[in-house]
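Structural features, examined
Below are the chains, spelled out letter by letter.
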Amino acid sequence: MTDRSRLHIAIQKSGRLSDQSRDLLKGAGLRVQGAKNALTARAENFPLDLMFVRDDDIPTFVADGVCELGICGQNVLEEYALGFASPRFETVASLGFGRCSLKIAAPEGMAYETAMLAGQRIATSYPRLTQRFLAERGIEAEIVTMKGAVELAPRLGIAKFVCDLVSTGATLEANGLAAVETVFASEAVLVRTLKPVAPALAERATALMTRINGVIATAESKYIVLNATEESLAEIARILPGAEAPTVIPLAGRPGHYAVQAVCQESVFWETLEKLKAAGASAILVMPIEKMML
Ligand code: ATP
Ligand code: ZN
């Protein structure tokens, strides 16, 4: 039985999403105790219990309300959701990690066109996403569902095509296949259950989500300080990436000169600094932001 006075979040126990899921919660200020291979852990400074599970079980845990929150790949969540007529959880944040794509792979060297899938066998661990892709294009094909090692299917004569998760394509290549078309682009997301949650807990969940959104916003954001002349202010404001209304302060004893401060919510590259300098900025400082609440 789960403790209903605390929140529960399901995260992947061990795999590609585990480290970043834990880091995100740490970044949100949670101190978590517990051995590496425990099934659950408790946050010491927030009414939250972590449940470490296989990623495939996360949609069920959140849909059934066993966990109010979960961190999981959209690929797994959407595959699950397609099995139900009505939504069972909602996405509350895109987390910017675990990016991958579900792709059709064809024998290497084939002059592929989507229509070639018609009447063929396609091996996949994502039958519903694959079926939706085919249906949207009016293609009928036979889907062969496999739990793993999908890329071996063509060599074994089980299927001609494969629909599998790809990040670099190296595994496909090693099996004489090449990714030819994207079926679904995915990243890790935070989801919350649509089952009723006690008001006090719902409030804690919202507080946690606000913190998590702050962590995500902070990851890319930088604080920029620079000096500028009056004529260059407009051009500098235009160049500052993702900054709304920079603060402009007159410099004491230097008429026509200003200090400009801004939070940039996009990456700040060296090219950006060069452009700022060319526009008339000097003494440019770029600083990381530790915490941010939007
Ligand atoms: P589990 O034991 O939890 O079932 P798994 O083997 O199914 O783990 P992982 O390989 O750890 O899962 O991948 C977890 C998720 O990471 C995927 O569902 C996907 O959202 C994401 N991911 C990111 N990059 C890749 C990739 N290159 N290949 C597969 N999944 C990726
Ligand atoms: Zn899995």
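Structural data are supplied above this passage.
Residues numbered from 1 in each chain as written. Chains lettered and ligands numbered in written order. Predicted model: local features only at pLDDT ≥ 70, side-chain atom pairs only at ≥ 80, totals over all residues. Heavy atoms only, no water.

Turning our eyes to something else, we now look at the overall build of the protein. Regarding its fold elements, the protein presents eight helices and 16 strands. In terms of overall size, the protein is more extended than a compact globule, its C-alpha atoms giving a radius of gyration of 24 Å where 294 residues would be expected to give roughly 19 Å. When its C-alpha atoms are laid out on the principal axes, the protein stretches across 80 × 55 × 35 Å. The 294 residues of the protein split such that 41% are buried. Pairs at least 24 apart in sequence give 70% of the contacts found in the protein among residues at least 6 apart. Positive and negative charge centroids in the protein, built from 30 and 33 side chains respectively, lie 6 Å apart. (Helix = DSSP H or I, 4+ residues; strand = E, 2+ residues; numbered from the N terminus. Rg over C-alpha atoms; globule rule 2.2 N^0.38 Å. Buried < 20%, exposed > 50% of the residue type's maximum accessible area, 1.4 Å probe, protein only. Contact = heavy atoms within 4.5 Å. Lys, Arg positive; Asp, Glu negative; His and termini not counted. Charge placed at Lys NZ, Arg CZ, Asp CG, Glu CD.)

Now for the packing of helix 3 (residues 74-81) against helix 4 (residues 127-136). Direction vectors running N to C along helix 3 and helix 4 enclose 75 degrees, while the axes themselves pass 8 Å from each other. With respect to helix 4, the axis of helix 3 lies roughly perpendicular. On helix 4, the residues touching N75, E78, E79 and Y80 of helix 3 are P127, R128, L129 and R132. (Axes fitted to C-alpha atoms, helices over the stretch in contact; angles between N-to-C directions. Parallel < 35°, antiparallel > 145°, perpendicular 65-115°, else oblique.)

What surrounds ligand 1 is a group of 15 residues, the closest being Q12, R54, D56, N75 and S167. Note that an oxygen atom of ligand 1 is positioned 2.8 Å from one of the side-chain N or O atoms of R54. Between D56 and ligand 1, the recorded distance is 2.7 Å, taken from a side-chain N or O atom to an oxygen atom. Bound to the protein, ligand 1 loses 78% of the 630 Å² it would expose on its own. In this structure, the shell around ligand 1 is formed jointly by two domains, domain 1 (7-98 + 188-218) and domain 2 (100-185), each of which donates at least three residues. (Near = heavy atom within 4 Å. Polar contact = N/O pair within 3.5 Å; in protein donor to acceptor, adjacent residues only side chain to side chain. Areas by Shrake-Rupley, 256 points an atom, 1.4 Å probe, with all protein chains shown as cover. Domains from an automatic or database assignment.)

Turning to the sheet that holds strand 8 (residues 121-124), a few remarks are in order. Within the open sheet, the five strands sit side by side as 9-8-10-7-11. Their pairing is mixed. On the outer flanks of this sheet lie strand 9 (142-145) and strand 11 (177-186), each paired with one strand and no other. Neighbour-to-neighbour, the strand axes of the sheet open up by a mean angle of 30 degrees, direction not taken into account. One ladder, built from five bridges, connects strand 7 (residues 100-107) with strand 10 (residues 161-166); its direction is antiparallel. In the sheet register, A105 faces strand 10, and the bridge partner there is V162. In this fold helix 3 packs onto strand 10 and strand 11, with an angle of close to 75 degrees to the strand it touches most, strand 11. Against the sheet, helix 4 touches strand 7, strand 8, strand 9, strand 10 and strand 11, its axis set at about 95 degrees to strand 11. (Pairing = 2+ DSSP bridges.)

Time to look at helix 4. The complete set of buried residues in helix 4 reads L129, T130, F133 and L134. Buried residues along helix 4 cover an arc of 135 degrees about the axis, so they all sit on one side. Of the residues in helix 4, the exposed ones pointing more than 90 degrees away from the buried face are A135 and E136. Considering only its buried residues, helix 4 is in contact with helix 3, strand 7, strand 8, strand 9, strand 10 and strand 11. Positive phi shows up at G138, right after helix 4, with a value of about 65 degrees. (Arc of directions from axis to C-beta.)

Don't take any of this as a statement about function, it's just geometry.
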